[in-house]
Amino acid sequence: MASVIEPAPTVGAPVDGDTARFPINRIYCVGRNYAAHAREMGKNPDRDPPFFFTKFADAYAPDGSVLPYPPHTDNYHHEIELVVAVGKAGRDIARSDAAAHVFGYATGLDMTRRDLQLDAREKGRPWDTGKNFPLSAPCTSIIPASRSGHLRTGAITLDVNGERRQEADLSELIWSVDEIIADLSRYYTLFPGDIIMTGTPAGVAAVQPGDVLLGRISGLPDLNVTIGEPA
C-alpha cells in the first residue's frame, strides 16, 4: 500500500534465544491487581471485575534503557509487572484455553505520572496522560512459554538504587493470567503481538533522575533501567 507519509516503524521486543523479534501491536494494562496495592491507592481490594487501560506501542523501551524523566510531572512512579505476550488470536477466550494464546512472558515496568493519574481520577477523566506516554513500558526480552512454562507463582521484586521497594509473589494476583485473558477477550479480539501488563504489587513510589531500577521475576530476565534527566 502506498502511503502519503512515511509509516511509523514497527516496534519489536527481543525474544530470548532468537534473532527474530516480537512485533508489539497493542499494550493492555490491568489496574489494581494486587490487594495490597489497591489498599495503598485508597481502593477496596475486593475481587471486582478487572479493568483495563492501554498504552501505545511507543511506550515500549528495551532493557538497559535510560528513561528520560517525562514532562509535566513531579511524581514519576515505578510499577513492576509480569508481562504476557500474546501469540495466538482469539475472542471470547475460555479461561481453560487462555494459556494456548500466550507466546511468552517478560519482566516489565508500568511507569506512571502519578500526579496526572490521580488528578484525572479525581475528576472522573481518563488516565491517558498519567499512564500512556513514550518509554513508559520498559520490558525485558520475552521468554517463550515453551521454555518458561506458564507462570503461576514466583517472586516479583523491584529495587531502586539497591533498596527494595516492591516485593510480592505472582500467586497474589487478584485475577490470574488466564482470567485476565478470558475477560479482556470479551471486549477486544486479541491478536499476536499484543502484550498485557498484569498489575503491580504494593510499594509504588517516586523516582528521580539518576535512580537505577532493577526489576526481577523468578524464571525471567532481570530488567535494568536508569532514570535520566528530562529530555
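Here the structure is a predicted model, which means the values were calculated and not measured.

About the criteria used
- Residues numbered from 1 in each chain as written.
- Predicted model: local features only at pLDDT ≥ 70, side-chain atom pairs only at ≥ 80, totals over all residues.
- Heavy atoms only, no water.
- Helix = DSSP H or I, 4+ residues; strand = E, 2+ residues; numbered from the N terminus.
- Core = buried A, V, L, I, M, F, W, Y, C linked by side-chain atoms within 4.5 Å.
- Buried < 20%, exposed > 50% of the residue type's maximum accessible area, 1.4 Å probe, protein only.
- Contact = heavy atoms within 4.5 Å.
- Salt bridge = Lys/Arg side-chain N within 4 Å of Asp/Glu carboxyl O.

### Some points on unusual backbone geometry
- Of note, Arg32 is a non-glycine position whose phi angle comes to about 45°, a positive value.
- Backbone geometry at Leu135 places phi at a positive 65°, although glycine is not the residue there.
- Structurally, Leu135 can be placed in the loop between helix 3 (128–131) and strand 11 (137–139).

### A closer look at the nonpolar core
- Within the largest apolar cluster, 42 residues are counted, with the highest numbers of intra-cluster contacts made by Ile181, Ile196 and Leu213.
- If you list the elements that add at least two residues to this core, you get strand 3 (27–30), strand 8 (80–86), strand 9 (102–109), strand 13 (155–160), helix 5 (177–187), strand 16 (212–217) and strand 17 (223–228).
- Not counting chain neighbours up to four residues away, the residues in contact with Ile196 comprise Tyr28, Val30, Leu82, Val83, Val84, Val86, Ile180, Ile181 and Leu184.

### Regarding the pattern of salt bridges
- All told, the structure shown has 13 salt bridges when counted by the stated rule.
- Measuring nitrogen to oxygen at the nearest pair gives 3.3 Å for the salt bridge that ties Arg152 to Asp178. In this pair, Arg152 is assigned in the loop between helix 4 (145–148) and strand 13 and Asp178 in helix 5, connecting sequence segments 26 residues apart.
- Taking relative accessible area as the criterion, Arg152 reaches 39% and is therefore assigned partly exposed.
- We note a salt bridge from Asp159 to Arg164, for which the minimum N-O separation is 2.3 Å.
- A relative accessible area of 10% means that Asp159 is categorised as buried.
- By relative accessible area, which is 38% here, Arg164 ends up partly exposed.

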